Amino acid sequence: MLLIKNIGRLLGVQPREVVCLRGADLDRLDSIENAWLLVDDEGLIASFGRMDTCPDCQGETYDADGRMVSPAFVDSHTHLVYAGSREGEFLDKINGLSYSEIAARGGGILNSAARLNATSEDELFGQSAARLRQVASMGTCAIEIKSGYALTLEGELKMLRVIRRLADAFPEMIIKSTFLGAHAVPLQYKSDPEKYVDHIINDMLPAVAAENLADFVDAFCEIGFFTPEQTLRIFEAARAYGLTPRLHADQLHCCRGSETAIAANAISADHLESIGEEQVQLLAASDVICTALPGASFFLSEPYAPARAMVKAGCAVAIASDYNPGTSPSGSMKFVWSLGCIKLRLTPAEAFNAITVNTAAALGISDKCGSITPGKYASLIFYDRSVPSLEYIPYAYTQDTIERAMLKGVWK
Ligand code: NIG
Ligand code: FE
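Once a new chain begins, its residue numbering starts again from 1 and follows that chain's sequence as written. Lettering of chains starts at A and numbering of ligands starts at 1, both following the order in which they are written. Only residues with pLDDT of 70 or above have their local features reported here, since the model is predicted, and side-chain atom pairs are shown and tallied only from 80 upward, although totals for entire chains, interfaces and linings are computed over all residues. Excluding hydrogens and water, the side-chain values take into account all heavy atoms of the structure.

### Here we look at the overall build of the protein chain
The helix and strand labels rest on DSSP assignments: H or I over at least four residues marks a helix, E over at least two residues marks a strand, and numbering proceeds from the N terminus. On a plain count of helices and strands, the protein chain comes out with 15 helices and 16 strands. We compute the radius of gyration over the C-alpha atoms and compare it with the globule rule, which gives 2.2 Å times the number of residues raised to the power 0.38. Against the compact-globule benchmark of 22 Å for 412 residues, the protein chain has a radius of gyration of 21 Å, which places it among compact chains. Projected onto its principal axes, the C-alpha positions of the protein chain cover 70 × 45 × 45 Å. Within the protein chain, buried positions represent 59% of all 412 residues. Burial status follows relative accessibility: with a 1.4 Å probe on protein chains alone, a residue under 20% of its type maximum counts as buried, one over 50% as exposed, and anything between as partly exposed.

### Some details on empty space enclosed by the protein
If a probe as big as a water molecule is rolled over the atoms, it shows which places are left empty. Residues are said to line a cavity or pocket when one of their atoms sits within 4 Å of a point; the points come from a 1 Å grid over protein atoms alone, cavities being sets where a 1.4 Å probe fits but cannot get out and pockets being open sets with protein on both sides within 12 Å along at least five of seven lines. Grid points are joined across faces, edges and corners, and a volume is the space filled by probe spheres set on the points. Evaluation of the coordinates by the stated rule reveals two cavities of 30 Å³ or more. In terms of lining, the largest cavity is formed by 14 residues, of which the most central are H79, Y99, H183, N324 and T327. Counted by class, the lining of the largest cavity contains four nonpolar, eight polar and two charged residues. Roughly 30 Å³ of internal volume is contained in the second largest cavity. Each residue gets one label: Ala, Val, Leu, Ile, Met, Phe, Trp, Tyr, Cys and Pro are nonpolar, Asp, Glu, Lys and Arg are charged, and the others, such as Gly, are polar.

### With respect to the site of ligand 1
Any residue with at least one heavy atom within 4 Å of a molecule or strand is counted as near it. Taken together, 15 residues lie around ligand 1, and Y99, Y149, H183, Q251 and T327 are the ones closest in. In this structure, H183 approaches ligand 1 through a side-chain N or O atom, which is 2.8 Å from a nitrogen atom. Within the contact set of ligand 1, an oxygen atom lies 2.7 Å away from a side-chain nitrogen or oxygen of T327. In short, Shrake-Rupley with a 1.4 Å probe defines the accessible areas, and a residue's cover is counted only from the protein chains shown. Alone, ligand 1 offers 330 Å² of accessible surface; in the complex the protein occludes 100% of this. A class-by-class count of the residues in the shell around ligand 1 yields four nonpolar, nine polar and two charged. Two N or O atoms count as a polar contact when they lie within 3.5 Å, although within protein this holds only if one can serve as hydrogen donor and the other as acceptor, and sequence-adjacent residues are included solely when both atoms are side-chain atoms.

### Some words on the pairing of strand β7 (residues 140-146)
Across the seven residues that make up β7, a large majority, seven, are buried. Whether two strands pair depends on DSSP finding at least two bridges between them. Judged from the three bridges that link them, strand β6 (residues 73-75) and β7 form a sheet pairing that is parallel. In the strand pairing of β7, V74 is matched with A142. Examined bridge by bridge, β7 and strand β8 (residues 174-182) share five bridges and lie parallel to one another. Note that in β8 the partner of I143 across the bridge is I175.

### So, the coordination of the iron ion (ligand 2)
With water omitted from the atoms examined, metal sites may look incomplete; donors here are N, O and S atoms no farther than 2.8 Å from the metal, or 3.2 Å in the case of Na, K and Ca. In this structure, H77 (NE2), H79 (NE2), H248 (NE2) and D322 (OD) serve as the protein donors to the iron ion (ligand 2), at separations of 2.1 to 2.3 Å. Considered as a linear motif, the donors of the iron ion (ligand 2) on their single chain read H-x1-H-x168-H-x73-D. Within this pair, whereas H79 is found in the loop between β6 and α1 (87-94), its partner D322 is found in the loop between β13 (316-319) and α12 (333-342), the two being separated by 243 residues in sequence. Neither residue differs from the other here; H79 and D322 are each classed as buried.

### Some remarks on the packing of helix α5 (residues 153-169) against helix α6 (residues 193-210)
Geometry is summarised by axes, namely lines fitted to C-alpha atoms with helices restricted to the contacting stretch, and by angles between N-to-C directions that run from 0 to 180 degrees. Contact geometry of α5 with α6 gives a least axis separation of 10 Å together with a crossing angle of 35 degrees. Crossing geometry of α5 relative to α6 is assigned as right-handed. For the pair α5 and α6, contact is made by L153, E156, L157 and L160 and by H199, D203, M204, A207 and V208, respectively. Counted by class, the contact of α5 with α6 contains six nonpolar, one polar and two charged residues. Should the near helix be turned counterclockwise from the far one by less than a right angle, the crossing is left-handed, whereas a clockwise turn marks it as right-handed. Note on contacts: a residue pair qualifies if any of its non-hydrogen atoms lie within 4.5 Å across the two residues.

### Some points on the sheet that holds strand β12 (residues 289-292)
Reading across the sheet, the eight strands line up as β6-β7-β8-β9-β10-β11-β12-β13 and stay open at both edges, with parallel pairing between neighbours. Looking at which strands have only one partner, the edges of the open sheet turn out to be β6 and β13. Across the sheet, the mean angle from the axis of one strand to that of its neighbour is 25 degrees, orientation sign disregarded. Pairing of strand β9 (residues 216-221) with strand β10 (residues 244-249), which is carried by four bridges, proceeds in the parallel orientation. From the neighbouring strand, C221 faces β10, where its bridge partner is A249.

### Let's talk about the side chain of S76
Within the element layout of this structure, S76 appears in the loop between β6 and α1. Exposure remark for S76: the relative accessible area of 0% places this residue in the buried category. With residues up to four places along the chain from it excluded, the contact list for S76 reads E144, R246, D270, T291, A320, T359, A362 and L363.

### A few points about the nonpolar core
The criterion is simple. A nonpolar core is a set of buried Ala, Val, Leu, Ile, Met, Phe, Trp, Tyr and Cys residues joined through side-chain atoms within 4.5 Å. Judged by nonpolar contacts, the single largest core of 116 residues is most densely connected at L166, W337 and Y383. With eight residues, α6 is the single largest residue contributor to this core. Here this core spans two domains, and each of domain 1 (2-71 + 369-411) and domain 2 (74-362) adds at least three residues to it. Here W337 is in contact with F73, P348, A351, F352, I355, Y383, L390, I393 and P394, once residues within four sequence places are set aside. I7, V69, I372 and L380 belong to the second largest nonpolar core, which has 19 residues in total. These domain limits were set by an automatic method or by a database of domain assignments.

Below is the structure:
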C-alpha cells in the first residue's frame with residue numbers, strides 16, 4: 001500500500017466509471033481540494049478523499065506537499081514505431097511544398113517505409129523504446145501504436161512485433177496495437193491499387209491474426225490513398241479476425257471518411273480536419289468517437305478539426321497526438337492539451353477530458369485509466385508546486401509544469 005497525502009488538488013475525480021463524455025458533460029472536471037489517495041499493491045487506486053478523512057497507513061507514505069495531481073494522459077493515436085526522422089521534408093514544406101505534393105513525389109509515408117524496411121527489428125525497437133520512455137516521463141500512461149510504415153508483409157509484422165516487445169518492456173503502461181497496412185499504396189502497386197488491397201486481405205491480415213499481433217485495424221481513407229470501398233473491404237475482412245476498426249478520415253479532403261467510419265461501426269474516426277456541418281451531425285448521431293489531432297494541423301499549417309462545433313452538436317470528442325515523423329513529430333500530450341484550448345477552442349477542462357476520459361474510451365480501456373476512480377490504475381501526474389490553477393497548465397504551453405509521473409503505482 002502507498003498513501004499519497006497532502007495533494008493540493010486532486011483533479012479528474014469520478015466516483016464511478018464514465019465511458020465517454022459529450023456536450024456540456026465534457027466541461028465537467030470534478031476535483032477534491034486538499035486530498036489523499038491510497039494505492040494498493042497491484043498499483044490500483046484503492047480509495048481517496050479529503051485530508052480530514054485521511055486513513056492511517058501501515059505501508060509507505062508520500063507527502064505531495066500541496067502539489068496538484070491528475071490522472072495521466074491517454075494517447076489514442078500514434079505512429080511511434082518508425083525509423084529515423086523526416087526533417088528533409090520539413091525543409092521542403094518551409095520552401096512551399098504541401099504534404100500531398102511531397103507524398104506524390106514518393107516522399108512522406110513511402111519515405112519512412114523505405115527506411116523502416118532497411119532497419120533491423122532490434123534497431124527499430126531501440127529507437128521506439130527511447131520515444132516511449134520519453135512520453136511516459138511526460139505523463140502518458142496508455143498509448144495506441146500503429147504499424148503502416150513498412151507496407152510489406154514482413155515489415156508490417158516486424159513493426160507489430162516491436163509494438164509487442166514494447167508492451168513487454170513497459171508493463172507500467174497500457175499499449176494497444178493497430179494494423180495499418182492500408183497507410184499508403186506502395187509504388188509497385190500504383191497501377192493497380194486493388195491488388196495491394198487484396199494482398200492486405202489475403203496475406204497480411206491472416207499473418208497478423210495468426211500471431212495475435214493487433215487489437216485494431218486502421219486505414220488512411222483519403223484521395224490518393226485508399227477509397228471508402230477499399231477501406232470497407234479491409235475492415236470487413238479484419239472484423240472476421242476480431243480486429244476493431246478505427247479510421248484516418250477526412251484529413252486533407254472531405255471524402256466520405258466520416259461516413260465510412262460510421263458504416264464500419266469504427267470505434268473512432270480520427271483527423272476530421274476537412275469535415276463539413278453535415279458530417280458533424282452524422283458523427284454526433286453515431287457512437288463513433290471523433291478524435292482531433294491538432295498536432296498534425298499545427299505542424300502542417302493546415303486547418304484544424306471543427307472541435308467546438310462538434311462538442312456543441314453532441315459528438316464524443318477526443319484529442320490525441322498523432323506522434324509520427326511526417327505530420328506530428330511530438331508525443332507531448334501536454335502540448336496537445338494546449339493546442340486543444342488555443343486552436344480547437346475547448347476549455348481547459350474540456351480539452352483535459354478529451355485527452356483522458358475520451359481517449360481511454362477510444363481505446364476501449366475506460367475501466368483501466370482516464371480518471372481518478374477506485375479500481376483504475378494509479379497512473380498519475382504530479383504538477384510543479386508553483387502551478388496555481390488547472391487553467392495555468394495548458395496556458396503556460398512551453399513551461400515544464402509536469403514534475404513527475406507515476407504509472408500503475410510506479411514512479412517514472
Ligand atoms: O496521421 N495521415 C496519415 N498518416 C499520418 C502521417 C503519416 C506520415 O506522413 O508519415 C497522420 O498524419
Ligand atoms: Fe495518424
